[in-house]
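# Structural features, examined
Here's the letter readout for the chains.
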Amino acid sequence: MDSRSPLTVCLYIQLSVVLLGSTASATTSLWGKKVQFSGRPCTWQLQPGVVVPSLEELSVCLLLRRNVATEWTGFVYKARGGKRIELGLGGSGPQLTVWLFGEKKPLVWELKVKEWYSVCLTWSGRARRLRTYINGTLLHEAPVNPDLPQQLGPNGTLTLGVSHNVNTNGEVQPESGNNLLGEIGLFRIWSREWSAEELRKQSCADGDVVRWDQRQWKHKCPPVPDNSLNCAWSLFKIQMWTYIVHAAEPGNCVVSPEGVTRGWLESIFPHTISVHDISVSSPSRSCPVVNDSAALHVRQPQGSTASPVSLCDKCFRCEVNVNVNPAANVEAVQAYIPALLSLTSSYSFLNLSADPNSIMVLPVESFPVVTEPPTAVTTTASTSETVPTQGRPAGPANVSTTGDPSDCNLSAFGPDTFFRVNMTLQMIGGPTNPKVIIKKWVKESLEVNGTMIVLNLVIKEKVGRNMDQENKLTISYQRQKQYYGAFHVQEYKINCVAEIITFINSALTSKHENGSVIIEAVDVAIKQILPENCLEETRVTIYGEYIWPEAFPQEQQEMGCRKPQSKRAHRLCKLDIETDMTSWARPDMKNCKQLVTMSDLFNITVTTDNAAEVVDIVQDLVDVQLSNSSVLSSFELDSVVGKLNEVVDISVIKPAVGADIVTVIAVILLSETNVTPVATTVLKLTDRMANNMYFSGKSVSVTAPSLALSMVNVAADGFKGLTFGVSSVSSLLDLKTFVNWNFVSEPLPDTDATISLPSELNNCFTRNTTRVQFQFHGTPELFQDTTSATQSRWTLNSYIVSASINDTDVSHLSDRVVVTLSHHKPKLPEDRVQCMFWDFRKNGGLGGWNGSGCETRSISPHQTSCLCDHLTNFAVLLDVSRTPISEANSYILTLISYLGCGISSIFLGITLLTYLVFEKLRRDYPSKILINLSAALLGLSMLFLLDSWFSSFSSYGLCIATAATLHYFLLASFTWMGLEAVNMYLALVKVFNIYVPSYILKFCAVGWGIPLVIVGLVLAIDKDAYGNVAAEQASSTHQSTDPFCWLQDDVVFYVTVVAFVLLILLGNISVFVVVLIQIRQMRANKPSANSVGSLPDLRAVASLTVLLGLTWSMGFFSFGPGRVVMMYLFSILNTLQGFFIFLFHCVMKENVRKQWRIHLCCGRFRLSDYSDWSRSATVGGGRKKNNLINSVASDNTSSIRKVSDSSTGSAPQHHQGA
């Protein structure tokens, strides 16, 4: 790196000659230069216009040298508006410090003074991994805290050699105290995670996010040349706008732009610079800078059959990959090539030149690989039809980030511009089809000017019961939901990139209101993407052989059918929402005549050369058949599976062919075809294909809707475990797979299924490199257990995920395999789930579910973790013997609950008013206890009715207060029911020698105090035990689909509610039995009482049942076949408990009716204030035995009075002071 090559010297000599006669500006390259930090103010910061996107992974490398042994800073990046260091490097003494999302990660390594070091950091948010390299050698690898973000904050500020802050005016202010006293000779950032080998190979390649170019940096001190920093490189990419002006004699203007460009460049470049490949845009008359002869401001539409085209007086954007051999210093090449291109040169009859401001010469790591078209298979349709291929730039590897006017010009006149948008939004309101409304809003917001199209829009609801604490203050418990959205934007007016991003961001962040529905984006991430063209492809189909020409992204090509020739076939160059890359979609051949049928499959011989074409034919046949019918016949299914088996057995399966096979199987599984007869065959087919697939690299994945396979080649040495995860956005989209080269016991973020293999599996590896395969099945069709017991009791409640090792039987592992699966249907508190595996030995080889060897651990209502000691296909099954309540029954029960509570609230209020207004009614203890019970039940009913309304206020504190108050009144109601039982027991059983001072006061302390203590303890220990219960849990407890403020911690619920209520009911039932026995004995001792009849006894039993709350015990018997009937009885009797109290203790109680008539009636219905009842109210203890027996028969405890005077004969008022 210190010596210059002969070519470099030659280039300098040629450069000096060229520059003498050119007007080219000085090069902005920083290669071969360094930035000196000597203590005086020298701030190097990223230009404000440079956009650092929201990266999910990155690599950053810098070359630095310390001159003084002090604390130092290499670089610091902070997100816009943030104070923490998102990414940074520094050190002090023997310690190296890496900053990531505000966390400091110290490493033991000292950068010696006066020595150059190449320090690289790589980070992956998906893999949650941070690596540090020194001079290309891995120094440290560490997992990243899962709570940290998975994306780098976009549009931030970056400084070299010093840390910084941003003031209120947005200006970067350097910090002091830890400045670098040394030099930085190189700084670059890439948008993906590089490996150590890749970092070593591309030591001279420039970054695709941040480059070592003065146009990207704002500085106060100039760079200094340093010959020791020269970097020789061979691979360069040239981006430029090329002008073509005809000479005096235009000649034939219909020529190929690629051919003209190649000829021009080869004529001006020396023999040491060879042109590798060229991509050009469609020629246009609208150019960044044009002369008078070309000033025609009309943009040519993108066509598919216009090559070669007329080039006279036009311009086009050009991207050229050149190879400099032998390698030359980067800075010399970056100065020499623009100088050559800026000069106007003649080629044939044309004058060509490049706009100096548009020329960029970038050292790149490699050139794109040009794939060869597949070999054709011979069929009855042997004639091919071709269409001329048109060119378009394949898309540069790096996005322009400077924001200079030249950047807008570079983008302003090129082909269509594409962007990817990720957003998180919240919707307030309850529309029937929220996703439809969101999609309509996005399209109306962005397509309003007719300059852009929204593509591949995917909306997914954010599901999860437990929210972060900080979100609880803002999330509406009733109608507010969050959604994730991802889509592409195609902008075809070719405006400035920065302007487009600003427009999209402004349109999406504006609050949208439509009646009761409010949509607001809370997070929007926008980045420009540069998808490549779909290359020319030869495809053999059941309609004949077709050669599809190269096409632009999102452009639909059109070709004539083989038969009939008057019809047309279409094929889209589709932009994929998952990868942001283009690929050919399946051709639309519906207008063409089918030349191969399903019966012809037997006549096609599979060879190692035509396997891919055979799979294409099978795929076409399946698509056609399922487009005409929803099922494949058994003959057709056997034909397809048999031919795919031939392909797997005979040929070497490559990933592309494997992906097509997986797609065929997925399409069949998603249809209504009965695949049970061939299920085992299909499972073994995919297993063999995965084990024998040939691919380079460590792993490969093939995915289709509802089916995914990942193959991993694992080295026996250093195996630390392996984790596989799958995310399913939609059943119509390909799955997204993740592979982590470590054992991760927790589920990977945003996955529907995760399986982690322990390091103990290393003992099962039989070769140096072992194939581990993972499979994911999103449909249950291949796993139908025909056992009647399984069908009647269990249903699949998750996806199926499997793992295997080269057909090795793996079992009896001491370190368990951890499988985490998301539920299709959220688990209710009463539900039972169990982890099972697919046992191929069951049902005579047809397979069936088996739960042995797996331990089930419930994580949440939405996820279950399985710990298994073997490898196979795993899933979570739901016990459906506990029949869930239908939506109709749930709705009816909800109406009954609210109606019953409303009625009870009204009549409890009347009962309270009656006993509080008429003083004569509350002279005895039972009446006072009844007043307290009625107050507790009234509070419970009112809180239940108002709970959903309180939850609609979106207040975290209000919801906790509502839930705690509801809990309090529920416990208070049962406590007073228990006290009613205690009072009965004292009155009827312990009649003699009982004196309780301050009787009612003590009852009040217990009745209102114990619930207060319990609720207070819950709030003190964990106030978040109260909160919003998710809809699925609310339905099981309140039969309502609305959010409900209640206990959301199962342990607290079972201890403070279920156990407490059960204890009270057991005591009340015991007292109830004792009271009935006592009444029977009293009637036996008094024969005259038997003449009254059984009706008073039935009334007494019913009154006691309501007063003691015995109907609540029905909740413990709501299971089995009679579950629905019991729940109806439970809802009716308990919600109407207040009405029954009014009925038995007001309407059917004679002294209450008399008080109503005395004080509320007039005329002949009015009674005088002086009556027999009034006189008898003060009678002493002489009649207390008869009164006791008669009152129990008539209104039970309301006439059970005079507890203490039973033995003393004293007047009741002696004990009323309480």
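Attention here is on the structure that accompanies the text. (Residues numbered from 1 in each chain as written. Predicted model: local features only at pLDDT ≥ 70, side-chain atom pairs only at ≥ 80, totals over all residues. Heavy atoms only, no water.)

## What to know about the overall build of the chain
Operational definition: The helix count covers DSSP runs of H or I at least four residues long, the strand count covers runs of E at least two residues long, and both are numbered beginning at the N terminus. For every residue, the accessible area (1.4 Å probe, protein chains only) is compared with the maximum for its type, and the residue is labelled buried under 20%, exposed over 50%, or partly exposed between those bounds. Throughout, a contact is declared for two residues whenever any of their heavy atoms are within 4.5 Å. To be clear on the numbers: accessible area is Shrake-Rupley with a 1.4 Å probe, and residue cover counts the displayed protein chains and nothing else.
Regarding its fold elements, the chain presents 25 helices and 51 strands. Out of the 1218 residues in the chain, the part that is buried amounts to 53%. Looking at the chain alone, contacts between residues at least 24 apart form 74% of all its contacts between residues at least 6 apart. With the model as given, the accessible surface of the chain reaches about 53100 Å², and the carbon-plus-sulfur share is 55%.

## A look at the sheet that holds strand β34 (residues 568-575)
Heads up, the condition is: Two strands are counted as paired when DSSP detects at least two bridges linking them. Think of each axis as a best-fit line through the C-alpha atoms, taken over the contacting stretch in the case of a helix, with angles from 0 to 180 degrees between the N-to-C directions.
With antiparallel pairing, three strands are arranged side by side in an open sheet as β33-β34-β35. Each end of this open sheet is capped by a strand with a single partner; those strands are β33 (556-560) and β35 (582-584). Neighbouring strand axes in the sheet, compared pairwise and without regard to direction, differ in orientation by 20° on average. Relative to β35, β34 is paired through three bridges, and the arrangement is antiparallel. By the bridge assignment, C573 is partnered in β35 with W584.

## Focus: a nonpolar patch on the surface
Applicable threshold: Note on patches: the residues involved have over 30% relative accessible area and no salt bridge, like charges join within 9 Å, and the nonpolar side chains Val, Leu, Ile, Met, Phe, Trp and Tyr join within 5 Å. Any carboxyl oxygen of Asp or Glu within 4 Å of a side-chain nitrogen of Lys or Arg constitutes a salt bridge here.
Taken together, the side chains of M942, L946, W949 and F953 make up a nonpolar region of the molecular surface, amounting to roughly 390 Å² of accessible area. Residue placement: L946 occurs in helix α14 (residues 925-951). A relative accessible area of 32% means that L946 is categorised as partly exposed.

## Some points on the packing of aromatic side chains
So the rule is basically this: Any two of the Phe, Tyr and Trp rings considered here, Trp counted by its six-membered ring, make a pair once their centres fall within 6.5 Å; the pair's planes then place it as stacked at under 30 degrees, edge-to-face at over 60, or tilted in between. Either the NZ atom of lysine or the CZ atom of arginine qualifies as a charge over a ring when it sits within 6 Å of the ring centre and within 35 degrees of the ring normal.
Applying the stated criterion across every chain, the model contains 30 aromatic pairs. Taking 5.4 Å as the distance between ring centres and 90° as the angle between the ring planes, the aromatic pair formed by F783 and W838 counts as edge-to-face. Placement of F783 in the loop between β41 (769-777) and α12 (788-793) and of W838 in strand β45 (residues 833-839) is noted, with a sequence separation of 55 residues between them. W838 matches F783 in its accessibility class, with the two residues each being buried. Ring-pair connections join several aromatic residues into one group, and the members of that group are W44, F75, F187, W212 and W217. The residue whose ring lies beneath R192 is W194, and the NZ or CZ to ring-centre distance is 3.8 Å. Looking at K698, its charged tip hangs above the ring of W741, at a distance of 5.4 Å from the centre.

## Concerning the sheet that holds strand β14 (residues 182-190)
Pairing between the strands of a sheet is mediated by backbone hydrogen bonds and can be parallel or antiparallel. Here seven strands make up an open sheet; going across it, the order is β10-β9-β8-β3-β14-β1-β16 and the pairing antiparallel. Looking at which strands have only one partner, the edges of the open sheet turn out to be β10 (137-143) and β16 (224-225). In this sheet, β14 lies alongside strand β1 (residues 33-37) in antiparallel orientation, the contact comprising three bridges. The residue of β14 that forms the bridge with F37 is G182.

## A word on the state of the cysteines
Let me state the cut-off plainly: Cysteine sulfurs are considered disulfide-paired once they come within 2.5 Å of each other.
Applying the stated rule across the entire model yields eight disulfides. The side chain of C835 participates in a disulfide bridge whose partner is C866; the two sulfur atoms lie 1.9 Å from each other. Judged by the sign of its S-S torsion, about -80°, the bond between C835 and C866 is left-handed. Of this pair, C835 sits in strand β45 while C866 sits in strand β48 (residues 863-868); the two residues are 31 residues apart in sequence, bridging distant segments of the chain. The pair C835 / C866 is uniform in exposure class, with both members buried.

## Describing the pattern of salt bridges
All told, the structure shown has 23 salt bridges when counted by the stated rule. For E183, the salt bridge identified is with K34, shortest N-O distance 3.3 Å. Placement of the pair is E183 in strand β14 and K34 in strand β1, with a sequence separation of 149 residues. Comparing E183 with K34, the two get one shared label, buried. Between E193 and R129 there is a salt bridge, and its shortest N-O distance comes to 2.8 Å. With E193 in the loop between β14 and α2 (196-201) and R129 in strand β9 (residues 129-134), this residue pair connects regions lying 64 residues apart in the sequence. The same class applies to E193 as to R129, namely buried. Each of K34, R65, E183 and D226 takes part in one network of salt bridges that share partners.

## A look at the pairing of strand β19 (residues 273-280)
Counting buried positions along β19 yields six of eight residues, so the element is predominantly enclosed. In this sheet, strand β21 (residues 314-329) lies alongside β19 in antiparallel orientation, the contact comprising seven bridges. Its bridge partner being in β21, I278 is matched across the sheet by V320.

## Considerations on the side chain of H488
Stated precisely, the cut-off is as follows: N or O atoms within 3.5 Å of each other form a polar contact, as long as, within protein, one can give a hydrogen and the other can take it, and as long as residues adjacent in sequence are counted only when both atoms are side-chain atoms.
Considering the arrangement of structural elements, one finds H488 in strand β28 (residues 480-491). Among the polar contacts listed, one links the side chain of H488 to the side chain of D580, at a separation of 2.8 Å. Contact partners of H488, with chain neighbours within four places excluded, come to F419, R420, I453, V454, L455, N456, I529, L575, D576, I577 and D580.

## Things to note about the environment of L152
Positionally, L152 belongs in the loop between β10 and β11 (157-160). Residue L152 is classed as buried on the basis of its relative accessible area, which comes to 4%. Spatially, the C-alpha atom of L152 lies 8.4 Å from that of L87, the residues being 65 residues apart in sequence. In this structure, L152 is in contact with V52, P53, S54, L55, L58, Y77, E86, L87, F101 and W123, ignoring residues within four places of it in sequence.

## Regarding helix α18 (residues 1050-1085)
For the record, the criterion: For a helix, the expected span equals 1.5 Å multiplied by the residue count minus one.
In this model α18 runs 51 Å from its N-terminal to its C-terminal C-alpha over 36 residues, within 8% of the 52 Å that 1.5 Å per residue would give. The backbone nitrogen of V1051 lies 3.0 Å from a side-chain oxygen of the residue at the head of α18, namely D1049.

## Comments concerning the packing of α14 against helix α16 (residues 999-1021)
Rules: With respect to orientation, any angle under 35 degrees is reported as roughly parallel, any angle over 145 as roughly antiparallel, any angle of 65 to 115 as roughly perpendicular, and every other angle as oblique. The handedness criterion is simple: a crossing whose near helix is rotated anticlockwise from the far helix by less than a right angle is left-handed, and one whose near helix is rotated clockwise is right-handed. Three classes are used, and their members are as follows: Ala, Val, Leu, Ile, Met, Phe, Trp, Tyr, Cys and Pro are nonpolar, Asp, Glu, Lys and Arg are charged, and the others, Gly among them, are polar.
Their axes nearest at 11 Å, the elements α14 and α16 cross at an angle of 20°. When the interaxial angle is binned, α14 and α16 end up roughly parallel. Two packed elements cross with a definite hand, and for α14 against α16 that hand is right-handed. The residues of α16 that touch α14, namely those facing Y925, K928, I929, N932, A935 and A936, are Y999, I1000, F1003, C1004 and W1008. Grouping the constituent residues of the contact of α14 with α16 by class yields nine nonpolar, one polar and one charged.

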